[in-house]
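Structure assessment
Residues per chain are reported as follows:
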Amino acid sequence: MMQNDPRGEAALTSAAQDSRDGQTLGVYGGGSYSYGTSSIAIKNSVAIEFDLNSNQNAGTDGQNFDSKVTSEKMHLAYSFPGDAASYSNPDGDRAVLNHYGTLSLDGTQNGNWYEFHYAYDHSSGNFTYYLKDPGGTTQTAVTTIPSAALEKELQLSANNNQAYWGFTAADGAVSGQTKIAFADLPIVQDISLTNDVQNSAGKSIVVPADDETKEPSISKNDTAQFKAAFHYTANSATTLKGFVTNFETAVVKLPKALSTTANAPTLTITHSDGTTTVISGSDLNATVSQINQKITFLPNSPVTIKNGDQLELSVTLPMVTTLTADTKTYFTSHVTTSASNVETTTPGNAAYFWVTTGNPTTLTWDDTDSTVKNKIINVDQLTDLTTSGSDWIGTFYWQDKDITPANATSEFNVIVKKDGTILNNTGYSLSSTAAQNGFYKGALHIRPEYFADGVNTFTIAIYPKGVSSGTPLDTLTVTFNVGGDLSFEVLTGQSGTDPLSWTDRTVSETKSDALARDADNTIQFKVDDARQADRNWAIHASTTTVDGAAAVPFSLGWRDAATGSLTDLATNPIVFSSTSGGTVTGNLTTSKTWSNDAGVLIDSPDYLSVGDYSNRLQVNWRLYNTSNPE
């Protein structure tokens with residue numbers, strides 16, 4: 001039964017409760033027209049009935065509800081109890097109920113359990129179901145309740161596409177007993193498909209749909225790796241029927257057939273236990289349709305997708321080299337699965353990216369990755385940067401595929417700024433040394449007078465030869481943290497970034513004075529302290545309820561080791577300090593990691609009710625520059 005009756009969970013038929021009205025099953029209107037039929041049924045409802053008695057009494061007591069069922073038999077059908085059109089009265093006295101999708105239940109045995117399978121397809125909006133004998137191989141045909149009927153009868157648009165559901169039963173003059181049990185508790189499914197496009201360095205080049213900056217982008221002379229990640233969380237397993245990728249053939253060049261070397265299509269399945277299965281080469285059948293601009297992938301052997309599995313499809317394709325204008329295009333995909341003869345299609349997002357016709361000049365700090373644009377250097381004191389008044393010298397890399405090594409010198413002008421001011425020793429040409437991985441080396445000189453204690457950020461910009469202002473071809477930044485700087489370098493377990501997690505616990509596991517987090521949910525601190533003296537600091541933690549969230553029936557405490565009692569974070573917030581004995585690296589960085597049975601733990605004096613407590617309580621971390629803050 002699904003319904004959106006204004007009475008909510010309390011909805012029940014108000015048919016006269018006498019021996020004639022067992023046929024109403026607790027949801028329909030009365031069998032006699034004197035009862036008012038649909039007006040007393042559960043409103044805005046869809047009912048699937050397992051009727052163990054066919055009410056076809058032609059007498060005067062109104063028990064003729066099932067006269068439209070062709071024979072005296074037990075039956076499975078669906079109807080619309082709150083819809084007046086579901087009832088008729090051919091003789092003006094007895095109400096007759098319209099049945100849809102009527103199937104016989106003849107052959108069912110008293111005392112046996114039968115499985116009721118149902119599914120809702122989000123893409124089509126259809127609801128399907130069937131009844132199965134778990135002890136044999138028989139099952140009813142799959143019945144579909146169309147999306148239009150669900151929308152109309154349940155008033156879904158007016159109820160945020162949600163409805164109450166449950167079971168009812170009733171006995172009249174003929175009685176019987178019905179038992180209901182859940183083989184699997186219903187859970188909210190988490191099934192999603194995420195698309196991504198990456199360059200040859202493995203960096204995403206996906207941009208917003210309205211992006212006009214063309215940053216990042218890929219050249220028409222390059223190849224891109226297209227990835228589609230399918231996440232499946234559901235009670236029951238399903239079977240992969242097809243993984244389909246879609247492209248614009250005017251931008252992405254689709255070959256007549258995929259090469260297992262050049263295109264390297266791969267389907268990687270990461271199972272819930274952490275193991276992986278890789279399907280590639282001849283085991284991953286791929287069909288290219290240049291007319292429909294798609295590639296369909298289906299492994300030669302059936303693939304069963306279980307709860308918690310993740311599938312990632314990857315294929316490498318070139319761009320169309322004859323492209324004459326910078327073009328924004330997109331990549332998308334969809335996955336078709338099948339469970340119990342019901343197919344479901346999950347669509348992915350449209351991943352937009354730019355393909356440019358030129359080869360822009362790029363700067364990078366890493367000669368294997370053109371996307372590394374920022375660099376941070378932490379030093380203890382100024383003398384660690386420069387000595388005897390000499391320059392600090394660093395190396396960056398530049399690349400431009402439009403030029404050749406023969407004319408790579410003196411083509412570009414380099415300008416270095418600090419806080420918007422051009423440094424005097426900049427405005428120089430790049431030198432052509434031997435290319436490494438297609439990159440050339442560039443030298444960066446910074447005079448010692450441009451450094452000071454604290455944070456020093458420099459911007460390196462590259463311009464065409466003879467140009468020193470306007471929009472640069474590309475930029476880099478380097479930040480020097482010189483002395484006096486105290487900061488978090490790493491903080492995991494922070495609310496909103498890396499949540500603390502206690503998941504998949506049974507009720508019996510929730511009563512504890514030190515409930516450990518999930519097995520892989522560690523907490524790590526790294527604190528950089530580049531001050532010259534007074535290197536005392538402390539990390540404090542406090543807990544607050546998220547604005548608008550309900551209170552939780554537990555508290556959070558801190559334990560520095562895997563044993564011992566918890567310290568309540570609300571009354572004693574110091575959890576770690578410079579004297580706590582963490583690992584010190586280079587006399588600057590102090591780090592420490594707590595496993596899942598230490599750090600922040602739950603103190604739950606009672607067993608917790610089944611539910612989702614996420615986004616209700618957060619831990620606030622603060623770094624103080626003394627071990628004894630006021």
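Residues numbered from 1 in each chain as written. Predicted model: local features only at pLDDT ≥ 70, side-chain atom pairs only at ≥ 80, totals over all residues. Heavy atoms only, no water.

The next thing to look at is the sheet that holds strand β8 (residues 127-132). With antiparallel pairing, three strands are arranged side by side in an open sheet as β7-β8-β9. Only two strands of the sheet have a single neighbouring strand rather than two, namely β7 (115-120) and β9 (143-145). Sheet twist, expressed as the average angle between the axes of neighbouring strands with direction ignored, equals 20°. In this sheet, β9 lies alongside β8 in antiparallel orientation, the contact comprising three bridges. Bridging across to β9, F127 finds its partner in I145. (Pairing = 2+ DSSP bridges. Helix = DSSP H or I, 4+ residues; strand = E, 2+ residues; numbered from the N terminus. Axes fitted to C-alpha atoms, helices over the stretch in contact; angles between N-to-C directions.)

Another aspect to go through is the nonpolar core. Counting 37 residues, the largest nonpolar core has F226, F243, F247, L317 and F353 as the members making the most contacts within it. Considering every element that reaches this core, the biggest residue donor is strand β13 (residues 223-233), with five residues. Beyond its immediate stretch of four places on either side in the chain, F353 contacts V197, I205, V207, I218, F226, V252, M319, T327, K328, T329, Y330 and F331. Core analysis: the second largest hydrophobic core is formed by 25 residues, L385, F396, F458 and V478 among them. (Core = buried A, V, L, I, M, F, W, Y, C linked by side-chain atoms within 4.5 Å. Buried < 20%, exposed > 50% of the residue type's maximum accessible area, 1.4 Å probe, protein only. Contact = heavy atoms within 4.5 Å.)

Another aspect to go through is the environment of S289. Secondary-structure assignment places S289 in strand β17 (residues 284-289). Look at S289 and you get buried, because its relative accessible area is 17%. Sequence-wise, S289 and A257 are 32 residues apart; in three dimensions their C-alpha atoms are separated by 9.3 Å. Ignoring sequence-local partners within four residues, the contact set of S289 consists of L254 and K294. Side-chain polar atoms of S289 contact the backbone nitrogen of N292, separated by 3.2 Å. (Polar contact = N/O pair within 3.5 Å; in protein donor to acceptor, adjacent residues only side chain to side chain.)

Another aspect to go through is the sheet that holds strand β10 (residues 164-165). Pairing within the open sheet is antiparallel, and its five strands lie in the order β6-β3-β2-β1-β10. Of all the strands in the sheet, just β6 (100-104) and β10 have a single pairing partner and so form its edges. Here strand β3 (residues 75-79) runs beside β6; their pairing, made up of three bridges, is antiparallel. If you follow H75 over to β6, its bridge partner there is S104. This element, helix α1 (residues 147-154), spans β1 (2-3) and β2 (45-51) of the sheet and lies at about 110° to β2.

Let's shift gears to α1. Among all positions of α1, only A149, L150, E153 and L154 are buried. Taken end-on, α1 shows its buried residues confined to a sector of 100°, consistent with a single buried face. For α1, the exposed residues lying more than 90 degrees away from the buried face are A148 and K152. Q155 sits one or two positions beyond α1 and adopts a positive phi of about 55°. (Arc of directions from axis to C-beta.)

In this section: the pattern of salt bridges. Pairing is possible between side chains that carry opposite charge, provided their charged atoms lie close to one another. Scanning the entire structure with this criterion turns up twelve salt bridges. A salt bridge links E212 to K328; its shortest N-O distance comes to 3.4 Å. Separated by 116 residues along the polypeptide, E212 in the loop between β11 (190-198) and β12 (218-219) and K328 in strand β21 (residues 327-339) bring together distant segments of the chain. Salt bridges sharing common partners tie together D83, K152 and E153. (Salt bridge = Lys/Arg side-chain N within 4 Å of Asp/Glu carboxyl O.)

Relative to the helices and strands, L430 is located in the loop between β29 (428-429) and β30 (440-446). As for L430 and F412, which are separated by 18 residues in sequence, their C-alpha atoms are 6.1 Å apart.

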